[in-house]
Amino acid sequence: PVVGKAAEKATAAAGSAMERARESPVVADLAVKHGDKAALAKDFATSTLERAFKPSAELQAIVKSPSLELLAAKPDLLLEMLSLLHALRHPRAQVMRSMVEEGMTRAAAGTEGAQQQAVQQGINAAVNQATEGQVTALPPEVSRAATTFVRQNPETVMELMRLAAQFRK
């Protein structure tokens, strides 16, 4: 109930601030210049605030119907509750911490995407060369499956490379 009321107040305050901002010529100019980035910023802000103040589904269930048995079975939920109470007491610090966590998560996901794209380009070049231009590209699912296989089976891949090296001689 307390978290729900705080969320309602925050939503109302954000709506009020948004209405005032829309009336500003500076904001209107920024919207024209950077409107395409607004959805990304909104998504980041939403994820950050959820990360900061939204308890897990399990904790929400225990708060709705408290039970010593449930808490005894999952003592980590007590720590989560303490962390949430601390976050509510120091919201700025929690938002900053959540922004860093969200940024790190997104950066890691972006790095993974860039790495997958590089692998895809490498596989496409190898396939193009091996088939003498008959096949220029493979679907991304194939390169993802190959990458996953290599990560999960490095010894097998090394053995295959040794066998291939023997046949090249």
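Residues numbered from 1 in each chain as written. Predicted model: local features only at pLDDT ≥ 70, side-chain atom pairs only at ≥ 80, totals over all residues. Heavy atoms only, no water.

So what exactly am I meant to see when it comes to the overall build of the protein here?
In terms of helices and strands, the protein carries nine helices and zero strands. Secondary structure elements of the protein occur, N-terminal to C-terminal, as α-α-α-α-α-α-α-α-α. In the protein, 57% of the contacts between residues at least 6 apart in sequence involve partners at least 24 apart. Split by element, the accessible area of the protein, about 13,100 Å² in all, is 65% carbon and sulfur. (Helix = DSSP H or I, 4+ residues; strand = E, 2+ residues; numbered from the N terminus. Contact = heavy atoms within 4.5 Å. Areas by Shrake-Rupley, 256 points an atom, 1.4 Å probe, with all protein chains shown as cover.)

Explain a nonpolar patch on the surface here, please?
A surface patch of nonpolar side chains, amounting to about 470 Å² of accessible area, comprises Leu78, Leu79, Leu82, Leu85 and Leu88. By the element assignment, Leu82 lies in helix 6 (residues 76–89). (Patch = residues over 30% accessible without salt bridge, like charges linked within 9 Å, V, L, I, M, F, W, Y side chains within 5 Å. Salt bridge = Lys/Arg side-chain N within 4 Å of Asp/Glu carboxyl O.)

So what exactly am I meant to see when it comes to the confidence of the model for the protein here?
Do not read the fine detail of predicted coordinates wherever pLDDT is low. Per-residue confidence for the protein gives a mean pLDDT of 79, with 90% of residues at or over 70. Here helix 1 (residues 2–22) is the element of the protein with the lowest mean pLDDT, 68, and helix 4 (residues 57–64) is the one with the highest, 85. (pLDDT = per-residue confidence, 0-100.)

It is not clear to me how the side chain of Glu102 should be interpreted in this structure. Could you clarify?
Structurally, Glu102 can be placed in helix 7 (residues 91–130). On the basis of relative accessible area, Glu102 is assigned to the buried category, the value being 7%. Discounting residues that sit within four places of it in the chain, Glu102 has contacts with Phe44, Ser47, Thr48 and Arg51. (Buried < 20%, exposed > 50% of the residue type's maximum accessible area, 1.4 Å probe, protein only.)

Looking at this structure, I do not really get the pattern of salt bridges. What am I missing?
Here the idea is simple: oppositely charged side chains can pair when their charged atoms come close. Scanning the entire structure with this criterion turns up five salt bridges. Of the charged contacts, one joins Glu101 and Arg51 as a salt bridge, the two residues approaching to 3.7 Å between their closest N and O atoms. Of the two residues, Glu101 is situated in helix 7 and Arg51 in helix 3 (residues 38–53); the sequence distance between them amounts to 50 residues. Residue class for Glu101 comes out partly exposed when judged on its relative accessible area of 27%. For the salt bridge of Glu102 with Arg51, the shortest nitrogen-to-oxygen distance reads 3.1 Å.

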